[in-house]
Amino acid sequence: MQYEAVIGLEIHAQLLTESKMFCGCSTKFGSEPNSQTCPVCIGMPGVLPVTNKKAIEYVIKTGLAVNCDIAPYSRFARKNYFYPDLPKGYQISQYELPLCGHGFIEINIDSETRKIGLTRIHLEEDAGKNIHEGAGNYSFVDLNRAGTPLMEIVSEPDIRTPQEAVEFMKKLRSLVRYISVCDGNMEQGSLRCDANVSVRPVGQKELGTKTEIKNMNSFRFVEKALDYEIKRQIKILREGGKIIQETRLWDSDRGITESMRSKEEAHDYRYFPEPDLVPVEVDDAWIERIQAQLVELPDSKRKRFSSQYGLPEHDAALLTSERAMAEWFEKAVDLGGDPKAVSNWMMGELMRLLNEENRQIEECSLKPGQLAGLLNLIDQGTISGKIAKTVFEEMYRTGMDAAAIVKEKGLVQVSDESEIEKVIDEVLAKNPGEVERFRGGEEKLMGFFVGQAMKMTKGKANPKVLNELLKKKLGNL
Amino acid sequence: MELYSLTLEEARKAIDRGEISPVELAEAVFKRIDTVEDKIHSFITVNRDNALAQARQAEQHIRQDIKHPLSGIPLAIKDNICTEGVRTTCSSKMLENFVPPYESTVTKKLRDQGYVLTGKTNLDEFAMGSSTENSAFGPTRNPWDITRVPGGSSGGSAAAVAADMCIAALGSDTGGSIRQPASFCGVVGLKPTYGRVSRYGLVAFASSLDQIGPITKNVKDAAILLNIISGRDLCDSTSANLPVPDFTSAAGKDIKGMKLGIPKEYFIKGIAYEVGSSVRQAIKQLESLGAVPVEISLPHTDYAVAAYYILATSEASSNLARYDGVKYGLRVEGEDLIDMYMRTREAGFGAEVKRRIILGTYALSSGYYDAYYKKAQQVRTLIKQDFEKAFEKVDAIVTPTSPVPAFRAGEKTDDPLQMYLADIFTISVNLAGVPGISIPCGFTSENLPVGLQIIGKHFDEESILKIAYAYEQSADWHKMKLEL
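As the structure is a prediction and not an experimental result, all values here were calculated from the model.

**With respect to the overall build of chain A**
Scanning chain A from N- to C-terminus turns up 16 helices and 16 strands. Along the first, second and third principal axes, the C-alpha set of chain A runs to 95 × 55 × 55 Å. Across the 477 residues that make up chain A, the buried fraction comes to 52%. Of all intrachain contacts in chain A linking residues separated by at least 6 positions in sequence, the fraction that spans at least 24 positions is 69%. A total accessible area of about 23000 Å² is found for chain A, and carbon and sulfur atoms account for 49% of it.

**Re the nonpolar core**
Across soluble globular proteins, you tend to see nonpolar side chains buried next to one another. Ranked by internal contacts, the top residues of the largest apolar core, which has 156 residues, are B:Leu110, B:Phe126 and B:Phe387. In terms of residues, this core owes the most to one element, helix H9 (residues 304-319) of chain B, which gives 9 residues. Once you skip the residues sitting within four places of it in the chain, B:Phe126 turns out to touch B:Cys90, B:Ser92, B:Leu95, B:Val203, B:Phe205, B:Leu320, B:Tyr323, B:Phe349 and B:Val353. A:Ile7, A:Met351, A:Leu354 and A:Leu411 belong to the second largest nonpolar core, which has 106 residues in total.

**Considerations on empty space enclosed by the protein**
Residues and elements named next belong to chain A. All chains considered together, the criterion is met by 5 cavities of 30 Å³ or more. In this structure, the largest cavity encloses a volume near 150 Å³. Lining the largest cavity are 19 residues, and of these Phe-22, Val-40, Cys-41, Lys-88 and Glu-125 sit closest to its centre. Within the residue set of the lining of the largest cavity, elements represented by two or more residues are helix H1 (39-42) and strand S5 (90-93).

**Thoughts on the sheet that holds strand S7 (residues 112-125) of chain A**
Residues and elements named next belong to chain A. Strands sit in the order S2-S6-S7-S10-S1-S11-S12-S13-S14 across an open sheet of 9 strands; the sheet is mixed. The two strands at the open ends of the sheet, each matched to only one other strand, are strand S2 (69-70) and strand S14 (256-262). Pairing analysis gives 11 bridges linking strand S1 (residues 3-14) to strand S11 (residues 191-201), with the strands arranged antiparallel. Opposite Gly-8, over in S11, you have Asn-196 as the bridge partner. Together, S1, strand S6 (100-109), S7, strand S10 (149-155) and S11 form the strand contacts of helix H3 (residues 162-178), whose direction differs from that of S6 by roughly 115°.

**Let's talk about the domain arrangement of chain A**
Each domain of chain A was delimited in the assignment, giving domain 1 (3-289), domain 2 (296-409) and domain 3 (417-476). Centre-to-centre separation of domain 1 of chain A and domain 3 of chain A, based on C-alpha positions: 65 Å.

**Regarding the sheet that holds strand S3 (residues 116-121) of chain B**
The strands that make up a sheet pair up through hydrogen bonds in the backbone, lying either parallel or antiparallel. Residue and element names in this part refer to chain B. Read across the sheet, 11 strands follow the order S1-S3-S2-S4-S6-S5-S10-S11-S9-S7-S8 without closing on themselves; strand pairing throughout is mixed. On the outer flanks of this sheet lie strand S1 (43-46) and strand S8 (292-296), each paired with one strand and no other. Between one strand axis and the next, the sheet turns by 30° as a mean value, whatever way the strands run. Examined bridge by bridge, strand S5 (residues 188-191) and strand S10 (residues 436-443) share 3 bridges and lie antiparallel to one another. Of the residues in S10, the one forming a bridge with Gly-189 is Ser-438. Where helix H2 (residues 22-40) meets the sheet, its contacts fall on S1, strand S2 (74-78) and S3, and the angle it forms with S1 comes to roughly 140°.

**Comments concerning the environment of B:Ala206**
Residues and elements named next belong to chain B. For Ala-206, the location among the structural elements is in the loop between S5 and strand S6 (211-216). For Ala-206, a relative accessible area of 0% puts it in the buried group. Along the backbone, Ala-206 and Lys-259 are 53 residues apart, and their C-alpha atoms lie at a distance of 32 Å. Ignoring anything within four residues of it in the chain, the contact list for Ala-206 reads Thr-174, Ala-312, Glu-315 and Asn-319.

**Let's talk about the interface of chain B and chain A**
Counting residues at the interface gives 38 residues for chain B and 30 residues for chain A. Approximately 2800 Å² of surface area, both sides summed, lies buried where chain B meets chain A, with 59% of it carried by carbon and sulfur atoms. Ranking the residues of chain B by area buried against chain A places B:Ser237, B:Ser318 and B:Arg322 at the top, with a combined share of 20%. Applying the counting criterion to the chain B and chain A interface returns 1 salt bridge. The partner of B:Arg199 in a salt bridge is A:Asp276, with the nearest N and O atoms 3.1 Å apart. At the boundary of chain B and chain A, one finds 18 residue pairs in polar contact (both at pLDDT 80 or more). The set of elements that each furnish at least two residues to the side of chain B that touches chain A consists of H9, helix H10 (337-348) and helix H11 (351-364) of chain B. It is H9(B) that contributes the most residues to the side of chain B that touches chain A, 4 residues altogether. Within the side of chain B that touches chain A, the residues separate by chemical class into 20 nonpolar, 11 polar and 7 charged.

**Structural notes on the layout of surface pockets**
All names here are of chain A. Volume-wise, the second largest pocket comes out at about 1400 Å³. Looking at the second largest pocket, it is lined by 40 residues, and the ones nearest its centre are Lys-170, Arg-173, Phe-219, Ser-321 and Glu-322. When contributions to the lining of the second largest pocket are tallied by element, the ones reaching two or more residues are S6, H3, helix H4 (219-238), helix H6 (298-309), helix H7 (313-320), helix H8 (323-334) and helix H9 (339-357). For the lining of the second largest pocket, the element with the highest residue contribution is H3, accounting for 6 residues. Split into classes, the residues belonging to the lining of the second largest pocket amount to 11 nonpolar, 14 polar and 15 charged.

**Things to note about a negative patch on the surface**
Residue and element names in this part refer to chain A. There is a patch of like negative charges on the surface, built from Glu-281, Asp-283, Asp-284 and Glu-288. You can see Asp-283 is positioned in the loop between strand S16 (280-281) and helix H5 (284-293). A relative accessible area of 45% places Asp-283 in the partly exposed class.

**Digging into the environment of B:Asn97**
Tracing the backbone through its elements, the reader meets B:Asn97 in the loop between S2 and helix H4 (105-112). C-alpha separation for the pair B:Asn97 and B:Leu364, spaced 267 residues apart in sequence, amounts to 31 Å.

**Observations concerning the packing of helix H10 (residues 368-379) of chain A against helix H11 (residues 385-398) of chain A**
Residue and element names in this part refer to chain A. For the pair H10 and H11, the least separation of the axes is 11 Å and the interaxial angle reads 160°. What the angle tells us is that H10 and H11 run roughly antiparallel. When you trace H10 past H11, the crossing you get is right-handed. Contacts between H10 and H11 involve Gln-370, Leu-371, Leu-374 and Ile-378 from the first element and Ala-388, Val-391, Phe-392 and Met-395 from the second.

Criteria and cut-off values
- Numbering of residues starts from 1 in each chain and follows the order in which that chain's sequence is written.
- Chain A is the first chain written and ligand 1 is the first ligand written, with later ones labelled in order.
- Two thresholds apply to this predicted model, a pLDDT of at least 70 for residue-level local features and 80 or more for giving and counting side-chain atom pairs, whereas whole-chain, interface and lining totals are computed over all residues.
- Side-chain figures throughout are based on the complete set of non-hydrogen atoms in the structure, without hydrogens or water.
- Helix and strand labels come from DSSP, where a helix needs a run of H or I of at least four residues and a strand needs a run of E of at least two; each type is numbered from the N terminus.
- Burial status follows relative accessibility: with a 1.4 Å probe on protein chains alone, a residue under 20% of its type maximum counts as buried, one over 50% as exposed, and anything between as partly exposed.
- Whether two residues touch is decided by their heavy atoms; if any such pair falls within 4.5 Å, the residues are in contact.
- The Shrake-Rupley method, run with a 1.4 Å probe, gives the accessible areas here. Residue values count only the displayed protein chains as cover.
- The term nonpolar core refers to a set of buried residues drawn from Ala, Val, Leu, Ile, Met, Phe, Trp, Tyr and Cys, joined through side-chain atoms within 4.5 Å.
- Buriedness for pockets is judged along seven lines, at least five of which must meet protein on both sides within 12 Å for an open set on the 1 Å grid over protein atoms alone, while cavities are sets there where a 1.4 Å probe fits but cannot get out, and lining residues have an atom within 4 Å of a point.
- Grid points are joined across faces, edges and corners, and a volume is the space filled by probe spheres set on the points.
- Whether two strands pair depends on DSSP finding at least two bridges between them.
- Helix axes use the C-alpha atoms of the stretch in contact, all axes being lines fitted to C-alpha atoms, and the angles between their N-to-C directions lie in the range 0 to 180 degrees.
- Reported domain spans reflect what an automatic or database domain assignment gives.
- What gets called buried area is simply the loss in accessible area from a 1.4 Å probe that two parts show on being joined, summed for both.
- Definition used for salt bridges: Asp or Glu carboxyl oxygen within 4 Å of a side-chain nitrogen of Lys or Arg.
- Each polar contact in these results corresponds to two N or O atoms within 3.5 Å; when the atoms are within protein, one needs to be able to donate a hydrogen and the other to accept it, and residues that are neighboring in sequence are counted only if both atoms are side-chain atoms.
- Each residue receives one of three labels: charged for Asp, Glu, Lys and Arg, nonpolar for Ala, Val, Leu, Ile, Met, Phe, Trp, Tyr, Cys and Pro, and polar for the others, Gly being one of them.
- For patch building, the residue pool is restricted to those with more than 30% relative accessible area and no salt bridge; the joining distance is 9 Å between like charges and 5 Å between nonpolar side chains (Val, Leu, Ile, Met, Phe, Trp, Tyr).
- As used throughout, the charge tally considers Lys and Arg to be positive and Asp and Glu to be negative, leaving His and the chain termini uncounted.
- In plain terms, the charge of a residue is placed at NZ if it is Lys, CZ if Arg, CG if Asp and CD if Glu.
- An angle counts as roughly parallel when it lies under 35 degrees, as roughly antiparallel when it exceeds 145, as roughly perpendicular when it falls between 65 and 115, and as oblique in every other case.
- Helix crossings are classified by the rotation of the near helix relative to the far one: an anticlockwise turn of less than a right angle makes the crossing left-handed, while a clockwise turn makes it right-handed.

Shown next, in the form of structure tokens:
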């Protein structure tokens, strides 16, 4: 029997607000433990939460970016459970009435577009962290993160393969980074993902028993964990067993998922409306104000790049996957670079150099105008395309302009026919054997002569001129 | 007349005229505490040294002609309102040594107006109770008869005002905790509209019902304090963004033609004879002042106590989760985390608090939520609508504050349900979120005070203060003095 997987994702995204969800403390990452706390986020007796308006706006912004309905009336709720990193003994979250509902994200799988539904997006506060290392028989609690605004995005069970799950995550990460609501850093935990997974025989409508997978903190682990879990479930069913509804933890070292707690051990969170906060009312004017701040999103940018600049679909998709990359591209084009050439240089040399150093385009000292300048030199025939690669790398490393590098290193292209003729003559004189073979019909030796001539001119010979002259000379011989 | 007997208004005048100094006044109050506190036990913490320093500071301000309405006025604060640097226990072992690192909004306002903090007053643990007997630090006694309870949960504040151990006090009211002790102790107690006064710094019992209010020797003083503590607070999202009128201007206004609703459901069963007759007498008195009694109906009254004990305990079960031994307060070490939680909460909470946490946890549990919490919320809506409908016809509603006068210490401690019924007339007011005031309206044959409750529309404290003041001035019960 063939099985298919049914996957739904729950994504937690830490919002890029300056201050916490319900108090004025900073949300900065990596500070001295408990240095970013106050009576409110420590849960002192008598304190009250005050909602961070920016956080609400960020969630609405996200909702608009993923085609959600924005609720005119939504409410916070308390999720009750005991844990040392949860200072109040409850988390302020949303339950019955989330801020956003009914959206979707489109992903591309094998050049086919798939629509993944979104059930809801809601706002909540993050917990602190328990630290067990270096504490002897004790554990320490760091509440710096407690109260950081967290957006939970819940997908419909529309995902069928681990690859789709990864594409979905990538798309979502790209989106939240585009609209600057989350930095998307999975390693630091500012973007986290849990998955609900079940399998069923292909063709069956009703869903199988699901497990929840936690602790997948990279795209790679999402793929591996889901892959493992799907295989595990199919194996159990094939062997006539039953799936137990439970929460499982991905162990990246051992490459397996492991049972964390069963359904019976699951918490009863005793949700009820948060009485310390008034309901959130969002009117059309507010939504319009936020809509107006929305930047062009990856999908429409991609389509525009294709039509406006005549880029192939693949190039357009890659260039628009990160907002900074797309902006870099358009800047270079604005400053005179040919779109296709800019795209080729970015996806070839620039990406290669960035990847080598594991850097983001924002951290790159090479400016779009400098690439445009380089392309100009090629167009004018000042340098050859081959030399340009050397110049590009030099620009990337030093931040100098192309013209300056070309001048300093004497890389100007030689197009003077008499000069090139001299070189050709020398090459032919030095290699009589090859000339003989060429005459005998080994025409592929043409490349050898070009290479020798280039070597002699240190690559500066105008390839077009060189080729023409060589053909002429060899033909006349 | 002794200085400690002064009302807030009288003390203010005497200080402003230079007849007495804040230090003299504070010393008189502390002398009174020295004399009678042993019998009453109003205070958990007496703030003598700080208070005298505050009084000296007030004197300096007065010399510099800096005038604040509370400059040099000794007030007592219920011990569930956080005071920075002054221990705030909520009468619980859990917080026996808890010193807040921050100031509540109300006490900050009082501080800005120059008050002198006499001390922190006793209460039922976490404000859960109606007799101030559920205190980890021992019960408070009623100054009119020390074999009886002062009511609760603000029994310490009400008894301190009645026994002149402060000029006035603040309490908190979740289901009657200001009004019922005020009625038992023969003083004035006002629960403002929900949202009128900031709750920031009030240790939460039931967040959607809690409200801080004044307990005073007369109506005018309640208005003075309400003026100071009211208003929008950015730290409390549930505080109302509405202008605060000058409540003292309600004093002395004519009540002629005002319609007073008399809910028929409040005058049928279980009311002590002398309470009923005092309240009826008071209504006649109000009629003679020109008010017009109108019989009204609050049809869902019977369900109020049940709904209240679901909602209040549900919220409490969540509000009290933070006392887990991890961050502050009591910790009893255990074998592991869960064991530490259990031992801490076992040792830290008293029986009534545990009972309510268990009740509320149950009511919110999955599978029971709809039958209990949700149903209770629906009842709450109906009760709110009862009041809205009634207020279409009347300007205020008049009822007894409590069906009985102060009962004997220990009389109801073994029967929680009987204890809960002590709040039967006050609970609906919290559920509806409307303001209510209790003022003395007579005495029983055993010389126990009886309280009259006047309930107003949302954010219409002015009307109930107007009626209360007119009645008080015509009846003079507030001038009755007890002997200790």
